[in-house]
Amino acid sequence: MQVRSLPLGAVLIAWIAVTALIALNRGIDLLWGVTILLSVATLLALVLPKFQLRGISVRRVDFPTTAVVGCAETIGYEVEVRGWWPRFGVEIQDRLQGQERAEATAFLAQTKGRKTHTFRWTPGMRGCWQLRDIALESRYPLGLARSSRMCAAEQREIIVYPDFVQLHWLPVRNDAHPRFEHMVSPRRGGHDELFGLKSYAAGDEMRAIHWRMTARRGEIVVKEYEHHQDRQLWIVLDLAEAQHVGRGVNGSCEQMIRIAHSVAVKACETGIPVGLVYRVADQVMRVPAAADRATYLRIRDVLARIGLHAQLPLVRWAQRFREQLPSGGTWVIFNLGDAAERAALERSARQRLAAPLFVEFDKRSYVEGVQQAGDVPRVRTHASARGIVSTVARGADLSELFKP
Amino acid sequence: MNIHAPLAARAYDSRMWWVMVAGCAARFSAERSPSAAFSGFVLWVLLFGGCWILRGSVRSAADATRRSQTVGNAIAIVGLSVFLLRLNSDGLVPALLTFLFAIQAAVFVTATKRLHAWLILAAALGGLLFAAAESRSPLFLVGAVWFTFAALGLLALDQRVDRERSMLLAPSVPEHRRTGGFAFATIALLIAVPIYLFVPKPAGWSLGGLQATAPRQQREEPHGDRLPREQQAADAPAGEGPADSSPNSADSGALQTAQPQLGDYGQTFSPDEVQRDRKNANAIVLYARSSHPVYLRGSLYDRFENDRWHRDSQPFVELQLDRGAIEIPRAYGEERIRQSVELVADLEATLWHAPGISRLRFPDASIRRYRDDVFIATQPLRAGTVYSLESQLTLRDGRYFLVADEAVDAERYLSAEVASERLRSLARSLTARDSSARAKALSLESHLREHFEYTFETVPQQGYTPLERFLFETKRGHCEYFASALAMLLRAVDIPSRVATGFSLGEPNPVTGYYEVRGLDGHAWVEAYIDGGWLMLEPTPFYPLPQPSGQQQVAAQIDRYLERLAQTTELLNPQSLSASVASIARDAWRATRHALRVVVTEARTRAWMLLPGLVAIALVGALGYFAALWMADWSDNRDVREVLSRAQKSDSSAAALLTAQALQASGKHRGLERIESASFREYIETLEQAGVAVPMDFVESFDVARYGSASVTNATDSQAQVRAIVELQLQNDPCPRLRRVLAVLRQRLRELLPT
C-alpha cells in the first residue's frame, strides 16, 4: 500500500506529542522548551489566518471585457492592506471559470500597502462570466486552518469566446436548387427577404440602414435580410443535455461549440454566408446567414453564451418546428452517433431542401475518456448519398474535419 | 498533502539544507568536549554544503535521475559502513546519529518529491530527540530553536507551493520566494519565551522504569576488602563493616565531605586544594536531575571526638540487584523523589542519593546497605555512570522528614561528652522558650543561620572543627563548622542528631533543568531524630533550607541560579573576572525581573497607567521599525550609489548602459530581477507588464546607443538617441531612486552632448 497523502496537522500533532512525551517522561527541560515552541507555533498556525484577512481590501484592475479560450490575458488585482504588518499567503477567489462559487484564483505570497498584483490568465472555458464579489482566503502559514472573507467588488462581465481550429475542408454545396433559382436576389449581397430589424453593429452594410426607423428611434437601425441563395451554410446546434456526453472542456458540448466556431471562421474566410440555428427556452433562434463580419461576430457571441438545457433534442424539434428552420443550403448537424437519429435528421434537412453535413461524436471516447494505448484519436469522415459524416473522437485533431 | 508531489521550487534546497544544519547544531551541542562538538559540526556542515553543490551539478546533467541516485546510494553505503564501525567502537546512539546524518545527505542529493523533504525533516528531528536526552548544554536550546525555525520555514514553503499549484492564475512576473515562515517562527518564539520562562515545568514521570547505564562487564576490585557472605544476615543486618569504616575517609572514619576524584586530571580532589586550585574545585562532578531539591547524601557520622567526626562500625547487607534494579521496602513517605545521577568525574564507591531510597536502578549486580541507610557500591564509581532512584520522604511543616524504619538507638546519637558547659548553656538559653523538640531544633538552626557567617577561609582545615572557637569567638566558618555546632547543640538539649555529608544540589541550570553539581557543592548538614523520624536541618546560611522550592518557573530558577553562581564565584575569588561577570549577570537579571514585576504590579493596581507604558512601547517599536526600514533602504541603495558614482564619469554609451542598469535596479526593488538568460528587450517587457512606464522606443534607443546600429549613420544621430534615453518620461515612476539616477544621468549628458 502506498501512502499518497499525509495531513500536515496530524504530522505536527504527532511531532509535538512525541517531543512532549519524551520531555515529560524523562523530565528533559530542553525538550520542554521545544515542545512549548512547537505548540505555540501550531496554535498560531490555527489563529493567524483570521488576522491575515483583517484590514485588507481588493479590487480588480486591468480586467479585459473579452477573451478567447487558450489566449493569455494579463489581469490584475489591486490589494490594499491597512497597517504595517504585511500579509502573507493571501488567496484571491474569483469566478473566472464561471462557477457559482468563487474558486482559488490567485496566490499572493506577500503583500503590503497598496499594490497591484498582475497575473497571466489563459481562459480554459468559453462562457460569459459574471464577476461579483471577490472572496479572500488565507491558510497562512501552514495550512492547518482556513479563514475566508468576502470583499465587495465592482461587478464585471467577461465574455470568453471559444477557440477555433483552422479547417482545411468545408464541403458546402455549391449548386443552386431549382426551386430557388427564380428567387435569387438581383441585388448586390443577395438580400431578398426581410428577416427583421436590429441595432447597427460594426460590419453592417451602410445600405442596409433603415433610415426611417433610425430617425424615429434615435439610434441606427439596420434591416436584416435572409439570403435565399443556395450556397449558404447553417450550423444547427443541439443544446439538449441528453444529447451530450462528457463534462467541461473535454465534453462533446464544448467540442460542438469549438467545431461550430471553426466552421463559422472557415465559412467567413471563404465568403460563404453562414448562419446559426439553435433552440432555447422553447424558441427556435436564428442568426441569419450572411458572409459579413457582423454576422460572424454575432455567431461568435452566441457561441460564447449558450449552454445546455433540459429540452427536446434536435431530432424532435427539427420535425416539430421545421417551418422555422432555414431552407436550402448546407446544414452542419451535430449528432451523438445514433444511426436512427441521423436518418431522422437527414430527413428533416432534405425536407427543407438542404444538404446535411453530419458531425458525430465517438461516444465511447467521450464517456471513457482515456484512450487505449496506441489508439490515436482521430477524425474519420465518410461520404455517402445520404451525406457526409465526420466522426470525431475525443482529443482528435479537428483540422482534419471533413477530410475527404 | 500529496507527499509525492514534486519539489518544484529551488527554494526547497536551501530550506532542506538549513534543516539539516540546524539539526546538526543541536546534535553536536550534546558533545561534552567543545572541540569535538565544533569539529563535528563543521565537518558535517561542510559535507552538507558539498551535497548541495553536488545536487546542483547533478541536476543540470542530462541523466540527472540516474546520477543523483548513484551518488545518493554511495553516500548511504558510506554512512552504513561508518554506522557499523561506530556501533562497535562508540555504541548504538552515536552510530545511529551518524547514520541518520548520512541518510539525510543521501536523501538530500536525490530528493525529487515532497516525501524526501519530509524524510529529511524526520531524520533531523530524530537526531534532535536523541541529542536532547544526551545534551547538558543550553546551546542545545539554541540549536533546537534554529531547527524549529528551519523546519517551520520548510513547512511554510511547502504550504505555499502546494497552494500555488492549485491556483488558476500564475503571476505574470515571478514573485520573490518569501513565504512568511521567518515572521511566523519569530512570532511563535516571542510568545513561547515568556511561557517557557513563567510556566512551571512538570517533573519527569519516568514511565518505563528508571534509567541507568549498562552494568560493567569486567568488575573491578571493590573499594576496601569485601566481607564474606557469612557475615551477612538474611533477615536483619548482621554483617558489620570494619570499625570506623568511613566510606569517604582514608583517615579512619574522620568526617569528610564529598571527595570526588577528577578523572580527567588524574589527581585526587581535596578540599585543601580549593584555595589553590579553584578551577578544578569548581569543575562539574556530576549532573543530577531531581524532582525535589533534596541533598545527595553520601555518608553519616555519629561520634564527635577530638574535634573530629567519626562513623562507628555499622552492620550491612549486600543487596542483590535484579538486572540492575531493586525495590527496598520503606516506611510510607508521601513525597516521591525521583533522582537521576550522571557522573562526570570518577568518584569513590559511595552512592549519592536522596535519603529514603525505595527503588534503585544501578549498573551493578549488588550494593551494600548499611543499617543507617548508607549505600556503598562494590567498586568505585567511574565517570559516565548513570543511575536513578526513587526515594520516599515526608514533608513536616515544609521540611523534608525521613520516617525511620526501625527504632533508633537514641543514646548513640546523644553522646556529647565533648560539649562544654558553655555550649550546653548556650543551647538551653536559645531553646528556653520552645516546648517541643522540633521548635528547639529550628530555633538552634535559625540562630546559626542568622548570627554566623559562612566563609571558605576555613575549608583547608576540613575534617577538623574547633567547635568552641567557632561558636564563641570567630563565628565564621564553612559548612562542617555549622553542622558540627548544630549537631552538638541539639545533643545538648537531648535531641538525637547526626551529621550527614554529600552534595548540595544548589540550583538547577534553568535552561537544561540539570543540577550541575561541582566539587564545591560538597556539603555537610544535620539530621535530627524527632517524632520517629529524621528531620533535615540546614544550619549553614549559604545554603537554602531543605524544603521544596516554591516556584518551578524558569524565571525563578534563573533568579536563583544566577544568585547562587554569583555567591559561589564571589566566595572563591572576589576579584576575579568571572565573579564580576556573574555579579553583573545577576544584577541585570534582577533589574529585568524587578522591572517586569513592577509593570505587572502596576498593571494590576493602576490599569490606567498602562496606557502611557503602551504608548512608550509603541514609540520604541515604531522607532525600531523605522530604523530597520532605514537600514534596509540604506542597504538597497548601495547599488544605486554605485551607479551614481559611475555616472559622474560616463560617456554617452556608458550613460545608456547606466540607465539600463538603473532600470534593472528599479526592477530589482520591485522584485523583478532580470533573469540572466533574458534579453534586455524581454526584461523591459517584464517591467511593462509590472506597470513600469518604460517608453516603447527605449530598447531601440538602448541598442543604438550601446551597440551602434546600421540605421545610425553618424554620431549626431547616436547622440540624439542617447538624449532620447535620458529624457525618458520616468518621472512618474514610483521608484524615487530611479528618478534620482535619471536626474544625474540627464545632467551628465547635458554636459557631454551638444544640444
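Residues numbered from 1 in each chain as written. Chains lettered and ligands numbered in written order. Predicted model: local features only at pLDDT ≥ 70, side-chain atom pairs only at ≥ 80, totals over all residues. Heavy atoms only, no water.

Examining the overall build of chain B
For clarity, the cut-off: Secondary structure follows DSSP: runs of H or I at least 4 residues long count as helices, runs of E at least 2 residues long count as strands, and numbering of each begins at the N terminus. Two residues form a contact once any of their heavy atoms are found within 4.5 Å. A 1.4 Å probe and the Shrake-Rupley method give the accessible areas. Residues count as covered only by the protein chains that appear here.
Regarding its fold elements, chain B presents 20 helices and 22 strands. By sequence separation, contacts in chain B at least 24 residues apart represent 75% of the contacts at least 6 residues apart. Of the roughly 34400 Å² that chain B leaves accessible, carbon and sulfur atoms contribute 57%.

Here we look at the interface of chain B and chain A
How we decide: Here's the idea: put two parts together, see how much 1.4 Å probe accessible area each one loses, and the total over both is what we call buried area. Any Lys or Arg side-chain nitrogen located within 4 Å of an Asp or Glu carboxyl oxygen qualifies as a salt bridge. Under the rule applied, a polar contact is a pair of N or O atoms within 3.5 Å (in protein, one hydrogen donor and one hydrogen acceptor; residues adjacent in sequence only if both atoms are side-chain atoms).
Listed per partner, the contact involves 61 residues of chain B and 58 residues of chain A. When the buried surface of chain B facing chain A is broken down by residue, Leu168, Leu169 and Phe184 of chain B rank first, second and third, together holding 12% of it. Linking chain B with chain A are one salt bridge, by the criterion used here. Counting the contacts that link chain B with chain A gives five residue pairs in polar contact (both at pLDDT 80 or more). At the level of elements, helix 5 (114–134), helix 6 (139–165), strand 1 (170–171) and helix 7 (181–198) of chain B are the ones that each hand at least two residues to the side of chain B that touches chain A.

Focus on the packing of aromatic side chains
Convention followed: Whether two aromatic rings pair depends on their centres lying within 6.5 Å, for rings of Phe, Tyr and Trp, where Trp uses its six-membered ring; planes under 30 degrees apart make the pair stacked, over 60 edge-to-face, and the rest tilted. Placement of a positive charge over a ring is assigned whenever Lys NZ or Arg CZ falls within 6 Å of the ring centre and within 35 degrees of the normal to the ring plane.
Applying the stated criterion across every chain yields a total of 32 aromatic pairs over all chains. Each residue in the set Trp84, Trp85, Phe88 and Tyr140 of chain A is aromatic and connected to the rest through ring pairs, giving one cluster. For the cation-ring pair, Arg55 of chain B lies above Phe108 of chain B, with the distance from its terminal atom to the ring centre recorded as 5.6 Å. Its guanidinium or amino end placed over the ring of Trp534 of chain B, Arg498 of chain B lies 3.7 Å from that ring's centre, counting from NZ or CZ.

A word on the packing of helix 10 (residues 437–451) of chain B against helix 12 (residues 479–492) of chain B
Residues and elements named next belong to chain B. The cut-off we apply is this: Fitted lines through C-alpha atoms give the axes, limited to the stretch in contact for helices. The angle between two N-to-C directions lies from 0 to 180 degrees. Put simply, angles under 35 degrees are roughly parallel, angles over 145 are roughly antiparallel, angles from 65 to 115 are roughly perpendicular, and the rest are oblique. In a left-handed crossing the near helix is turned counterclockwise from the far helix by less than a right angle, and in a right-handed crossing that turn is clockwise. Amino acid classes used here: Ala, Val, Leu, Ile, Met, Phe, Trp, Tyr, Cys and Pro are nonpolar; Asp, Glu, Lys and Arg are charged; the rest, including Gly, are polar.
Across the interface, helix 10 lies against helix 12 with an axial gap of 10 Å and an inter-helix angle of 150 degrees. When the axes of helix 10 and helix 12 are compared, the pair comes out roughly antiparallel. At the point where helix 10 passes helix 12, the crossing takes the right-handed sense. Here helix 10 contributes Ala441, Leu444, Glu445 and Leu448 to the contact with helix 12, which in turn contributes Phe482, Ala485, Leu486, Leu489 and Leu490. Taken together, the residues of the contact of helix 10 with helix 12 sort by class into eight nonpolar, no polar and one charged.

Some details on the environment of Val93 of chain B
Position of Val93 of chain B among the secondary structure elements: in helix 4 (residues 92–110). A C-alpha to C-alpha distance of 9.9 Å links Val93 of chain B and Phe83 of chain B, two positions ten residues apart in sequence.

Here we look at the sheet that holds strand 8 (residues 134–138) of chain A
Strands pair in a sheet through their backbones, by hydrogen bonds, and they do so in one of two ways: parallel or antiparallel. Residues and elements named next belong to chain A. For clarity, the cut-off: Two strands qualify as a pair provided DSSP detects at least 2 bridges between them.
Strand order in the open sheet formed by four strands is 5-4-8-9, and the pairing between neighbours is antiparallel. Every interior strand has two partners, whereas the edge strands, strand 5 (103–111) and strand 9 (147–151), have only one. Each adjacent strand pair in this sheet contributes to an overall mean axis angle of 25 degrees, direction not counted. The pairing of strand 4 (residues 87–94) with strand 8 spans four bridges and is antiparallel. Paired with Ile92 across the bridge in strand 8 is Leu136.

Some remarks on the packing of helix 11 (residues 467–474) of chain B against helix 12 of chain B
Residues and elements named next belong to chain B. Close contact between helix 11 and helix 12 brings their axes to 9 Å; oriented N to C, the two are set at 95 degrees. It follows that helix 11 is roughly perpendicular to helix 12 by the angle criterion. For the pair helix 11 and helix 12, the contacting residues are Leu467, Phe470 and Leu471 in the first and Tyr481, Phe482, Ser484, Ala485, Met488 and Leu489 in the second.

Details of the sheet that holds strand 6 (residues 114–121) of chain A
With respect to topology, four strands assemble into an open sheet ordered 1(A)-3(A)-6(A)-1(B), the strand pairing being antiparallel. Unpaired on one side and paired on the other, strand 1 (56–61) of chain A together with strand 1 of chain B mark the two borders of the sheet. The sheet contact formed by strand 6 of chain A and strand 1 of chain B spans two bridges and is antiparallel. Across the sheet, residue Arg120 of chain A finds its bridge partner in strand 1 of chain B, namely Ala170 of chain B.

Structural notes on the pattern of salt bridges
Our working rule: A simple rule labels every residue: compare its accessible area, found with a 1.4 Å probe on the protein chains alone, to the largest value its type can have, and call it buried under 20%, exposed over 50%, or partly exposed in between.
Following the criterion strictly, the structure yields 34 salt bridges over all chains and no others. The salt bridge involving Arg279 of chain A is made with Asp282 of chain A; its shortest N-O contact spans 3.3 Å. A salt bridge links Asp13 of chain B to Arg55 of chain B, with the shortest nitrogen-to-oxygen separation between them at 2.8 Å. Here the residue Asp13 of chain B occupies a position in helix 1 (residues 11–28), and Arg55 of chain B occupies one in helix 2 (residues 34–59), the gap between them amounting to 42 residues. Here the two residues Asp13 of chain B and Arg55 of chain B agree in accessibility, since each one is buried.

Observations concerning helix 7 of chain B
Spelled out, the test is: Multiplying 1.5 Å by the helix residue count minus one yields the expected span of that helix.
The terminal C-alpha atoms of helix 7 of chain B, which comprises 18 residues, lie 26 Å apart, in line with the 26 Å expected from a rise of 1.5 Å per residue. Buried residues of helix 7 of chain B: Gly181, Ala183, Phe184, Ala185, Ala188, Ala192, Tyr196 and Leu197 of chain B, and no others.

Description of the side chain of Thr35 of chain A
Residue and element names in this part refer to chain A. Summarising the element assignment, Thr35 is placed in helix 2 (residues 29–52). The class for Thr35 is buried, based on a relative accessible area of 5%. Among all residues touching Thr35, those that are not within four sequence positions of it are Ile16, Thr19, Ala20 and Ala23.

Concerning the confidence of the model for chain B
It should be kept in mind that the predicted coordinates are not to be read in detail where pLDDT is low. Residues and elements named next belong to chain B. Heads up, the rule is: Confidence scores here are pLDDT values: one per residue, from the predictor, ranging 0 to 100.
Looking at chain B, the pLDDT average stands at 75 and 70% of residues meet or exceed 70. For chain B, the element scoring lowest by mean pLDDT is strand 3 (residues 261–262), at 32; helix 10 scores highest, at 92. Confidence drops under pLDDT 50 across residues 708–718; counting only partners more than four residues distant or on other chains, this segment forms six contacts. Across residues 728–734, confidence stays below pLDDT 50; counting only partners more than four residues off in sequence or on other chains, it has 21 contacts. As scored by the predictor, the complex reaches a pTM of 0.61 and an ipTM of 0.72.

What about the nonpolar core?
All names here are of chain B. We apply this condition: Here, nonpolar core means buried Ala, Val, Leu, Ile, Met, Phe, Trp, Tyr and Cys residues that are tied together by side-chain atoms lying within 4.5 Å of each other.
Counting 83 residues, the largest nonpolar core has Met16, Phe48, Phe140, Phe147 and Phe184 as its most contacted members. Leaving out residues up to four positions away in the same chain, Phe48 has contacts with Trp17, Met20, Val21, Cys24, Phe101, Ala105 and Phe108. The next biggest cluster of nonpolar side chains, apart from the first, holds 48 residues, and it includes Ala349, Trp352, Ile357 and Phe375.

A few points about the environment of Ala354 of chain B
Residues and elements named next belong to chain B. Inspection of the secondary structure assignment puts Ala354 in the loop between strand 11 (335–343) and strand 12 (357–361). Residues Ala354 and Ser290, spaced 64 residues apart in sequence, show a C-alpha to C-alpha distance of 9.0 Å. Residue contacts for Ala354: discarding those within four places in its chain leaves Val294, Tyr295, Leu296, Ile337, Gln339, Leu389 and Ser391.

Brief notes about the side chain of Arg163 of chain B
Among the structural elements, Arg163 of chain B can be located in helix 6. A distance of 2.7 Å separates the side chain of Arg163 of chain B from the side chain of Glu91 of chain A, its partner in a polar contact. Excluding residues within four positions of it along the chain, Arg163 of chain B makes contact with Glu91, Ala104, Phe107, Glu137 and Arg139 of chain A.

Side note on the pairing of strand 12 of chain B
Along a regular strand, successive side chains alternate from one face of the sheet to the other. Residues and elements named next belong to chain B. Bridge count between strand 10 (residues 325–327) and strand 12: three bridges; the pairing is antiparallel. If you follow Glu327 over to strand 12, its bridge partner there is Arg359. Relative to strand 15 (residues 386–396), strand 12 is paired through four bridges, and the arrangement is antiparallel. Paired with Arg359 across the bridge in strand 15 is Glu390.

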